[in-house]
Amino acid sequence: MINFNFIAPYYDTLSKIVFGNVLLEASSSFLNKLPEQGSVLFIGCGSGEILPLLRTGEKQLMVDFVEMSERFISMAKLKLKPEQSGFVRFIHGDENKIDPDRKYSAVITFFIMDVYPQKEAEDFCRKIVSHLEPGGVWLFTDFVPSGSLYQKLLVKIMYLFFRIVSNIPAKKLPEYDLIFQQLNVRVELNQFYYNNMISAKVLRKSFQT
């Protein structure tokens, strides 16, 4: 079973040592594409660095923060100002903990799909898209395959490390484009970071079923 509790206190520091602020920059790149009002499913949220940014300025979003690690949830709660805490509902668990009848205006998945093998990644995406309203937006940011030898080696090291410390089942990156083609979504925007190793996308669910 996947368990990020051990690595949670060190995750942000380690990511900044390796990638600097790129992971945060990539995750933040399309937040302006979220609706100003409505509900958001934020799943696989980590320590919640992005969380305070979902309740600023014009945005009045209500967020379900779904995370498998209790330690990550505790860290995320500390990042919120007192006046922000009321707009977040923290859910300990995975996508199966979501209310089956719950629909969201938007879905956010940052660096979560890469922990799953292809079939499990497909099942995960099918599940979360079923909770997205027609016309809803899906913000996706994750590591993607790269032709660089350095990046291929880095990905192998990352998978080995996280299999040891967090028991993730994946051994390589999923084929995301194949997954998106199977779903009722289209890619509206795509931006690359870290020499094309990280992709941030805006996907839109079709109004047609």
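Residues numbered from 1 in each chain as written. Predicted model: local features only at pLDDT ≥ 70, side-chain atom pairs only at ≥ 80, totals over all residues. Heavy atoms only, no water.

Visitor: How should the nonpolar core be read in this particular structure?
Guide: Across soluble globular proteins, you tend to see nonpolar side chains buried next to one another. One finds Leu 34, Phe 42, Leu 51, Leu 54, Trp 138, Leu 139 and Phe 143 to be the most contacted residues of the largest nonpolar core, which totals 74 residues. Not counting chain neighbours up to four residues away, the residues in contact with Leu 51 comprise Phe 42, Val 63, Phe 65, Ala 76, Leu 80, Phe 87, Val 88 and Phe 90. (Core = buried A, V, L, I, M, F, W, Y, C linked by side-chain atoms within 4.5 Å. Buried < 20%, exposed > 50% of the residue type's maximum accessible area, 1.4 Å probe, protein only. Contact = heavy atoms within 4.5 Å.)

Visitor: I keep staring at the packing of helix 1 (residues 8-19) against helix 3 (residues 70-79) and nothing clicks. Help me out?
Guide: Helix-helix packing: each pair is described by the crossing angle between the helix axes and the interaxial distance. Packing of helix 1 against helix 3 leaves a shortest axis separation of 8 Å and a crossing angle of 65 degrees. The angle between the axes of helix 1 and helix 3 places the two elements in the roughly perpendicular class. Contact residues: Ala 8, Pro 9, Tyr 11 and Asp 12 in helix 1; Arg 71, Phe 72, Met 75 and Lys 79 in helix 3. Partitioned by chemical class, the residues of the contact of helix 1 with helix 3 number five nonpolar, no polar and three charged. (Axes fitted to C-alpha atoms, helices over the stretch in contact; angles between N-to-C directions. Helix = DSSP H or I, 4+ residues; strand = E, 2+ residues; numbered from the N terminus. Parallel < 35°, antiparallel > 145°, perpendicular 65-115°, else oblique. Nonpolar A, V, L, I, M, F, W, Y, C, P; charged D, E, K, R; others polar.)

Visitor: Please explain the pattern of salt bridges as it appears in this structure.
Guide: Oppositely charged side chains may form a pair once their charged atoms are brought near each other. Inspection of the entire model under this criterion finds seven salt bridges. A salt bridge links Asp 64 to Arg 89, with the shortest nitrogen-to-oxygen separation between them at 2.6 Å. Separated by 25 residues along the polypeptide, Asp 64 in strand 2 (residues 60-67) and Arg 89 in strand 3 (residues 88-92) bring together distant segments of the chain. Owing to a relative accessible area of 42%, Arg 89 belongs among the partly exposed residues under this scheme. Among the ionic pairs, Arg 102 bridges to Asp 64, the shortest N-O distance being 3.6 Å. (Salt bridge = Lys/Arg side-chain N within 4 Å of Asp/Glu carboxyl O.)

Visitor: Please clarify how the pairing of strand 4 (residues 104-110) should be interpreted in this entry.
Guide: Within a regular strand, side chains alternate between the sheet's two faces. Among the seven residues in strand 4, seven count as buried, and that is most of the element. In terms of strand pairing, strand 1 (residues 37-43) meets strand 4 through four bridges, oriented parallel. Across the sheet, Phe 42 pairs through a bridge with Ile 108, a residue of strand 4. In the sheet, strand 4 pairs with strand 5 (residues 132-143) via six bridges, with the strands oriented parallel. By the bridge assignment, Tyr 104 is partnered in strand 5 with Leu 132. Read from strand 4 through helix 4 (residues 118-130) to strand 5, the crossover connection turns out right-handed. (Pairing = 2+ DSSP bridges. Right-handed = clockwise from strand over helix to strand, strands pointing away.)

Visitor: Just checking my understanding: could you explain empty space enclosed by the protein for this structure?
Guide: The probe, sized like a water molecule, is rolled over the atoms to show the empty space still left. All told, the structure shown has one cavity of 30 Å³ or more when counted by the stated rule. Its volume calculated, the largest cavity comes out at about 40 Å³. If you trace the largest cavity, you find it lined by Ile 43, Gly 44, Val 66, Glu 67, Met 68, Gly 93, Asp 94, Glu 95, Ile 112, Tyr 116 and Phe 124. (1 Å grid on protein atoms, 1.4 Å probe; cavity = no way out; pocket = protein on both sides within 12 Å on 5 of 7 lines; lining within 4 Å. Points joined across faces, edges and corners; volume = space filled by probe spheres on them.)

Visitor: What is the right way to read the packing of aromatic side chains from this model?
Guide: The geometry of an aromatic ring pair is captured by the separation of the ring centres together with the interplanar angle, meaning the angle of the planes. For the structure shown, the criterion picks out 16 aromatic pairs. With 5.8 Å between their ring centres and 90 degrees between their planes, Tyr 11 and Phe 72 make a pair best called edge-to-face. With a gap of 61 residues between them, Tyr 11 in helix 1 and Phe 72 in helix 3 connect regions that are remote in the sequence. Overall, the relative accessible area of 22% leaves Tyr 11 in the partly exposed class. One aromatic cluster is present, formed by Phe 4, Tyr 11, Phe 72, Phe 161 and Phe 162 through successive ring pairs. Against the face of Phe 90 rests Lys 77, its NZ or CZ located 5.3 Å from the ring centre. (Phe/Tyr/Trp six-rings, centres within 6.5 Å; stacked < 30°, edge-to-face > 60°. Lys NZ or Arg CZ within 6 Å of the ring centre and 35° of its normal.)

Visitor: Would you explain the state of the cysteines in this entry?
Guide: Such a bond, covalent and formed between the sulfur atoms of two cysteines, is termed a disulfide. Tallied over the full model, the rule gives zero disulfides. Here Cys 45 is not cross-linked by a disulfide; its sulfur's nearest cysteine counterpart is in Cys 125, at 15 Å. Residue Cys 125 is classed as buried on the basis of its relative accessible area, which comes to 0%. (Disulfide = S-S within 2.5 Å.)

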